[in-house]
Amino acid sequence: MKLTTLLVCDAGLDKRQTIEDLIHSQPSLALVSTVSGSMAREQIGSLHPKLVWIELSPAPVRGLSLLAELRETFPDVYFFVSYEVPDPELIRTAYRLGASDFLDAERWRTDLPAAVQSIQLKHQSESISTAAGKVVATFSPTGGIGATTICTNLAGYLGKYGETCIVDLDLQFGMVAQYLNLEPSFSLSTIDFSHTNFDATYLRNLMTRYDEKLSILAAPPDLEDIGDIYAAQVQEILYTAKQEFRFTLVDLPKNLLDERAIATLDLADEVLVITEYNWAAIVNARKCLDTFKAHYNQEKLLLLINRSEWQPQDVLSECRASLNYPIFHEVPNDVKTSKWANNQGQIAPPQSALGKSLDSLARRLGGGEQLLIGTKDSEPAAKGFKLPAFFKR
């Protein structure tokens, strides 16, 4: 299925013709019109394109303002942004405002096919039947928070509500297999993507079973094996898992500049952003959430506080105000159980504080209780927080 595309270009005829030729060169794109910036809003409302390509020349600031306006008015439309040179500040601002990709004249002929494929995969994922399973990505912008412990134990409790799998996408230092005391025969690096029938049977054969309700696809055992795994291939794995398993958890690396992590975030139904109540972790979580909100709905982004301990109310109020985001779930600081579970390769016992909390979280992710631990009206949102440059090329 072709993506109907609208080009917004106030540059000269030569630039306009060049970009139109680029669009025509992509079999998956169908150019419906080329318009000026002043006509963009009206034409999007009339033609209903799936993709809008905004050329920033000759006035980049005005072009970015237009992107912000159109992104807010048409949240279901994808946006490409292009400019003559890969200006770092323009790139960062474009991504922050919600652009799906930034293309520059030096590399757009080589970068465009991958950018189009990414949009197609996003569009395809949004069209998947709601009867399919759920993909939940777990991510912590701060190391040592316990994200993998949450991922493995949560998967164990989700198994009560349907067959579950974990994809360990921390390709360099993934520990899912070790935390579950498994010795996989295969991993992500084993997959032959030239296989003519990449289907559920093939995927299951590459997985290692923990029990009858939980399987894992392990990270590569050696660092040299991670180079041949690409974003589109990760999404193919997740599409297949989504159709086969009730829940697919993805343990992500800390590096959000990794195209495989970004592809997973795009496809995931929900993203658990994991942090804890200490200042460094809160600052990183705030950066992460502020960036994510430009690309994803709040319903998709679920903030989880790990290792929550009793704190004076004024301290909790300050922490929550600094986060300035509703808290979906808090996991108590049960160090003894988490160490035992990781060392023994077991799921946290249901009678433990950790087990009870993750059992409750599993019920909520499965469609149960959806209450949020929000900031009180009397707790003002933190002011003066400046989002630093986060995305780079």
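Everything quoted here is computed from the prediction, not taken from an experiment.

## So, the overall build of the protein
So, point 1. Along its length, the protein carries 14 helices and 13 strands.
So, point 2. Expressed as a percentage of its 393 residues, the buried residues of the protein come to 54%.
So, point 3. Counting only contacts in the protein whose residues sit at least 6 apart along the sequence, the fraction spanning at least 24 positions is 78%.
So, point 4. Summing over all exposed atoms, the protein offers an accessible surface of approximately 18,000 Å²; the carbon and sulfur share of this is 49%.

## A look at the sheet that holds strand β11 (residues 270-275)
So, point 1. Ordered in space as β8-β9-β7-β10-β6-β11-β12-β13, the 8 strands form an open sheet in which the pairing is mixed. Strands at the two margins of the open sheet, each flanked by one partner only, are β8 (208-211) and β13 (327-332). Direction aside, neighbouring strands of the sheet carry axes that sit 25° apart on average.
So, point 2. Inspection of the sheet shows strand β6 (residues 134-139) paired to strand β10 (residues 247-251) by 5 bridges, in the parallel sense. Note on β10: the bridge partner recorded for Ala 137 is Val 250.
So, point 3. Strands β6, β7 (164-168), β9 (214-217), β10, β11, β12 (301-308) and β13 of the sheet are contacted by helix α6 (residues 147-158), whose axis makes an angle of about 170° with β10.

## Quick look at the packing of aromatic side chains
So, point 1. The tally for this structure, following the rule as stated, stands at 4 aromatic pairs.
So, point 2. Where Trp 53 meets Phe 80, the ring centres are 6.1 Å apart and the plane angle is 75°; that geometry is what we call edge-to-face. Of this pair, Trp 53 sits in strand β3 (residues 51-55) while Phe 80 is found in strand β4 (residues 78-83), placing the two residues 27 residues apart along the sequence. Phe 80 shares its class with Trp 53; the two are buried.
So, point 3. Each residue in the set Trp 53, Phe 80 and Trp 108 is aromatic and connected to the rest through ring pairs, giving one cluster.
So, point 4. Positioned above the aromatic ring of Phe 247 is the side chain of Arg 246, whose terminal nitrogen or guanidinium carbon lies 4.5 Å from the ring centre.
So, point 5. Between the NZ or CZ atom of Arg 364 and the centre of the ring of Phe 328, over which it lies, the distance is 4.1 Å.

## Here we look at the pairing of strand β1 (residues 3-8)
So, point 1. For β1, a buried count of 5 out of 6 residues is recorded, marking the element as mostly surrounded by other parts of the structure.
So, point 2. Strand direction decides the pairing type here: β1 and strand β2 (residues 29-35), joined by 6 bridges, are parallel. Opposite Leu 6, over in β2, you have Ser 33 as the bridge partner.
So, point 3. The β-α-β motif built from β1, the intervening helix α1 (residues 13-24) and the parallel element β2 has right-handed crossover chirality.
So, point 4. Here 4 bridges tie β1 to β3, and the two strands are oriented parallel to one another. What sits directly across from Val 8, in β3, is Ile 54.

## Observations concerning the nonpolar core
So, point 1. Counting 47 residues, the largest nonpolar core has Leu 188, Leu 217 and Phe 292 as the members making the most contacts within it.
So, point 2. Apart from the residues lying within four places of it in its own chain, the contact partners of Leu 188 are Val 167, Asp 168, Leu 169, Leu 171, Leu 217, Ala 218, Ala 219, Pro 220, Ile 229 and Ile 237.
So, point 3. Of all hydrophobic cores here, the second largest spans 33 residues; its members include Val 176, Ile 216, Ala 281 and Leu 361.

## Quick look at the state of the cysteines
So, point 1. Scanning all chains against the criterion turns up 0 disulfides.
So, point 2. Cysteine Cys 151 remains unbridged, with the sulfur of Cys 165 as its closest cysteine sulfur at 9.9 Å.

## Some details on helix α9 (residues 231-244)
So, point 1. Under the 1.5 Å per step criterion, the end-to-end length of α9 is 20 Å for 14 residues, consistent within 8% with the ideal 20 Å.
So, point 2. Counting buried positions along α9 yields 10 of 14 residues, so the element is predominantly enclosed.
So, point 3. Among the residues of α9, those classed as buried are Ala 231, Gln 233, Val 234, Gln 235, Ile 237, Leu 238, Tyr 239, Thr 240, Ala 241 and Lys 242.

## What about the confidence of the model for the protein?
So, point 1. The share of residues in the protein with pLDDT of 70 or more is 89%, and the mean pLDDT across the chain is 87.
So, point 2. Within the model, pLDDT remains below 50 along residues 369-393, and this stretch shows 55 contacts once partners closer than five positions in the same chain are excluded.

## Comments concerning the environment of Glu 224
So, point 1. Structurally, Glu 224 can be placed in the loop between β9 and α9.
So, point 2. Residue class for Glu 224 comes out exposed when judged on its relative accessible area of 65%.
So, point 3. Along the primary structure Glu 224 and Gln 172 are separated by 52 residues, whereas in three dimensions their C-alpha atoms are 9.0 Å apart.

## Notes on the packing of α6 against helix α14 (residues 353-365)
So, point 1. Relative orientation of the contacting elements α6 and α14 amounts to 65°, with a least axis distance of 9 Å. Like other packed secondary-structure pairs, α6 and α14 cross with a definite hand, here right-handed. Where α6 abuts α14, its residues Ile 150, Asn 153, Leu 154, Tyr 157 and Leu 158 lie against Gly 355, Leu 358, Asp 359, Leu 361, Ala 362 and Leu 365.
So, point 2. Grouping the amino acids of the contact of α6 with α14 by side-chain chemistry returns 8 nonpolar, 2 polar and 1 charged.

So, how was this worked out
Residues numbered from 1 in each chain as written. Predicted model: local features only at pLDDT ≥ 70, side-chain atom pairs only at ≥ 80, totals over all residues. Heavy atoms only, no water. Helix = DSSP H or I, 4+ residues; strand = E, 2+ residues; numbered from the N terminus. Buried < 20%, exposed > 50% of the residue type's maximum accessible area, 1.4 Å probe, protein only. Contact = heavy atoms within 4.5 Å. Areas by Shrake-Rupley, 256 points an atom, 1.4 Å probe, with all protein chains shown as cover. Pairing = 2+ DSSP bridges. Axes fitted to C-alpha atoms, helices over the stretch in contact; angles between N-to-C directions. Phe/Tyr/Trp six-rings, centres within 6.5 Å; stacked < 30°, edge-to-face > 60°. Lys NZ or Arg CZ within 6 Å of the ring centre and 35° of its normal. Right-handed = clockwise from strand over helix to strand, strands pointing away. Core = buried A, V, L, I, M, F, W, Y, C linked by side-chain atoms within 4.5 Å. Disulfide = S-S within 2.5 Å. Expected span 1.5 Å × (residues − 1). pLDDT = per-residue confidence, 0-100. Left-handed = near helix turned anticlockwise from the far one by under 90°. Nonpolar A, V, L, I, M, F, W, Y, C, P; charged D, E, K, R; others polar.

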